[in-house]
Amino acid sequence: MMNTNETPVILDARGLEPPQPLVVILEALERLPKSAEMRACTDRRPLHLYALLEQRGFTAETEQQNDGSFVTTIRHA
Amino acid sequence: MSAKASVGTDVRAPSVALPLRFILTGIGALLTGCAWLVLRPDLLATYHYNQYVIAATHLFVLGWICSAIMGSMYQLVPVALEARLHSEKLARWHFALHVTGFVGMVVMFQNWNLKYVGSFGSILALGVGLFIYNLVRTLARIPRWNVVAFGIASSLAWLALAIFAGLYLAAAKCWSFSPFEPLAQMHAHAHLGGLGFFVMLIVAVGYKLVPMFALSEVQSARRAGWSIVLLNAGLAGVFATILFSSQWKIVFGCVVVVGLAFYWLEILAILRARKRRNLDWGLKYFLTAVALLVPVSALGAVLAWPQLPLTPLTAQMENVYGFLAFIGVVTFAILGMLYKVVPFLVWYASYSKAIGRGKVPSLAGLYSPTLQATGYWLFISGLLLTSVATALAHESCVRAGCVVLLASVIVFAVNIGKVLIHLVRPRIEPLVLKPTLQGVA
């Protein structure tokens, strides 16, 4: 796992109708620097995202928040 | 925090081919069924206890409704409940058994060969057994139980009973061993499937889909939970009292209606709290189906009234009750649900790999809202005309109503065809790159 010193990119994809969260996260990842990580906030666990991240060479870890939303931390593998 | 999931872990959506093959089979059966009603309007204009009505009903119920619902469940349950489908291989076997079973059953019902109905019914039942086993194993993996999971589990239990009751009916007809009155058995079986599996799923899935697409949340988990509990309790009583031809069925029918009233109240609360003001046509279809539960429930309560005489009018009203339940409520709800499920499946299969690397169409860009609106109003018109004509036992008007319904279904199929074109001819354009990502959104 890469340990980065950069400030993580926070992407708030809550309040969007499916599949818009998937779209905005993948579009943003295309511009994510190699050494950076992204924290994507979503209303639901992004199940359709995981396989696509794996294909694009990312690792991800999702945590549920107290308010019921989810934060997925994404890094280059 | 808890509930972590990493890439490569157990939580993923199933492949798109699996639900699509069920759904497309279902749409084929729906078109065939509507065309059948156009050719044979007497199926609705005369009393429903004959081989042709039973054959057509099973084409709609097994070929259309079960195919579409089961395919959608293979897609929705893992996503809605955050658990990977136990086995896609079992689901593929289920598809083969399901198609063989329902096609054989419909043909054999029409020929009134009940031994073969039992044989094909057993094949179908084996497929349903695989389906239930697969989803039960999937439910066993979910991280936490909620009202949606409770509703889905309930619907699976009622489905198992409905299938068992159907096989019992076929066997009882072959060997004449049943102590129950034949029509009562058939009505009890129909309520297990219609109310227990279909309506229960509409209720459960509604608690997930309506908040998801209206951008809202369940407002009272307690109220939602009570709707499922009362539906289960009411249906258990309705089933027993219909089977034993008891006068108490009105009481349990009212319990079902109270459960549905809790559901309507919760859906209204969810809609009032929504962030998205304009509802799309898919959601309008689904919510109209939910609203149609009101006249169906009222009609059911009237027909359950103690000592209600069987007259030509009440007999026809039984036809209207079944028609409105299966075609009005369940079919309309499924059409709405499919306007969400199919475009997403196709969009994901065709475009997900290109997101961020090319310009891909939006989900709404895959289908025509004009066709959606046309199909909606045709369906409502056809439903009303056919219902009134059925009540009056007027064959020509039943045919006219079914022509309008068939036109609506053709419009739906054309719109779904527009979506499916993207599977073979994806439209990906070069991307115009934006400046580098800055950070907080």
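Heads up: the structure comes first, above all this text.
Computed from a predicted structure; not experimentally measured.

Asks: Can you explain the overall build of chain A? Please cite residues and give values.
Replies: Along chain A, the regular secondary structure elements total two helices and four strands. Going from N to C terminus, chain A has its helices and strands arranged as β-α-β-α-β-β. In terms of overall dimensions, chain A is globule-like: its C-alpha atoms have a radius of gyration of 12 Å, near the 11 Å expected for 77 residues. Dimensions of chain A, computed from C-alpha atoms along their principal axes, come out at roughly 30 × 25 × 15 Å.

Asks: Lay out the environment of valine 23 of chain A with the relevant residues and their values.
Replies: Residues and elements named next belong to chain A. Mapped onto the fold, valine 23 is located in helix α1 (residues 20–29). When its relative accessible area of 8% is taken as the criterion, valine 23 is described as buried. Taking the C-alpha atoms as reference points, valine 23 and alanine 13, 10 residues apart in sequence, are found 9.4 Å from one another.

Asks: Any chance you could break down helix α8 (residues 221–243) of chain B for me, citing the residues and the numbers?
Replies: Residues three or four positions apart in an α-helix share a direction because the helix packs 3.6 residues into each turn. Between its terminal C-alpha atoms α8 of chain B stretches 33 Å, which fits the 33 Å expected from 23 residues at 1.5 Å a residue. Immediately beyond the C-terminal end of α8 of chain B, within one or two residues, lies serine 245 of chain B, with a positive phi of roughly 50°.

Asks: Give me helix α12 (residues 369–391) of chain B: which residues, what numbers.
Replies: Residue and element names in this part refer to chain B. Here α12 is 23 residues long and its end C-alpha atoms lie 33 Å apart, about the 33 Å a rise of 1.5 Å per residue gives. Put simply, serine 368 is the residue that caps the front of α12, since its side-chain oxygen is 3.3 Å from the backbone nitrogen of threonine 370. Among the residues trailing α12, alanine 393 stands out with phi positive, at a value near 55°.

Asks: Tell me what's going on with the pattern of salt bridges, and back it up with residues and numbers.
Replies: All told, the structure shown has 12 salt bridges over all chains when counted by the stated rule. Across the pair aspartate 42 of chain B and arginine 40 of chain B runs a salt bridge whose closest N-O atoms are separated by 2.8 Å. You can call aspartate 42 of chain B buried: its relative accessible area is 19%. Residues joined by salt bridges that share partners form a network here, namely Glu17 of chain A together with Arg276, Asp280 and Lys340 of chain B.

Asks: I'd like a description of the packing of helix α11 (residues 312–351) of chain B against helix α13 (residues 395–424) of chain B, backed by residues and values.
Replies: Residues and elements named next belong to chain B. Between α11 and α13, the shortest axis-to-axis distance is 8 Å and the interhelical angle comes to 15°. By the angle between their axes, α11 is roughly parallel relative to α13. At the point where α11 passes α13, the crossing takes the left-handed sense. Touching Phe323, Ile327, Leu335, Leu338, Tyr339, Val342, Pro343, Val346, Ala349, Ser350 and Tyr351 of α11 are Leu405, Phe412, Asn415, Ile416, Val419, Leu420, His422 and Leu423, all from α13. Here the residues of the contact of α11 with α13 sort into 16 nonpolar, three polar and no charged.

Asks: Report on the side chain of threonine 331 of chain B, specifying residues and quantitative values.
Replies: Residue and element names in this part refer to chain B. With respect to the secondary-structure elements, threonine 331 resides in helix α11. Residue classification places threonine 331 among the buried residues on the basis of a relative accessible area of 1%. Residue contacts for threonine 331: discarding those within four places in its chain leaves Leu30, Trp64, Ile65, Phe326 and Phe379.

Asks: Give me the lowdown on the nonpolar core, citing residues and values where you can.
Replies: Residues Met38 of chain A together with Trp64, Met73, Phe131, Ile152 and Trp347 of chain B are the most contacted members of the largest nonpolar core, which totals 172 residues. The element best represented in this core is α11 of chain B, accounting for 23 residues. For phenylalanine 131 of chain B, the residues in contact, after removing those within four places along its chain, are Met70, Met73, Tyr74, His94, Leu156, Leu159 and Phe197 of chain B.

Asks: With reference to specific residues and values, describe the packing of helix α9 (residues 249–272) of chain B against helix α10 (residues 281–303) of chain B.
Replies: All names here are of chain B. Interaxial distance between α9 and α10 falls to 10 Å at its minimum, and their mutual angle equals 160°. Comparing their axes, α10 and α9 come out roughly antiparallel. Two packed elements cross with a definite hand, and for α9 against α10 that hand is left-handed. The residues of α10 that touch α9, namely those facing Ile250, Val257, Leu260, Tyr263, Trp264, Ile267 and Leu271, are Phe286, Leu287, Val290, Leu293, Val294, Ser297 and Ala301. When grouped by side-chain class, the residues that make up the contact of α9 with α10 number 13 nonpolar, one polar and no charged.

Conventions and cut-offs
- Residues numbered from 1 in each chain as written.
- Chains lettered and ligands numbered in written order.
- Predicted model: local features only at pLDDT ≥ 70, side-chain atom pairs only at ≥ 80, totals over all residues.
- Heavy atoms only, no water.
- Helix = DSSP H or I, 4+ residues; strand = E, 2+ residues; numbered from the N terminus.
- Rg over C-alpha atoms; globule rule 2.2 N^0.38 Å.
- Buried < 20%, exposed > 50% of the residue type's maximum accessible area, 1.4 Å probe, protein only.
- Expected span 1.5 Å × (residues − 1).
- Polar contact = N/O pair within 3.5 Å; in protein donor to acceptor, adjacent residues only side chain to side chain.
- Salt bridge = Lys/Arg side-chain N within 4 Å of Asp/Glu carboxyl O.
- Axes fitted to C-alpha atoms, helices over the stretch in contact; angles between N-to-C directions.
- Parallel < 35°, antiparallel > 145°, perpendicular 65-115°, else oblique.
- Left-handed = near helix turned anticlockwise from the far one by under 90°.
- Contact = heavy atoms within 4.5 Å.
- Nonpolar A, V, L, I, M, F, W, Y, C, P; charged D, E, K, R; others polar.
- Core = buried A, V, L, I, M, F, W, Y, C linked by side-chain atoms within 4.5 Å.

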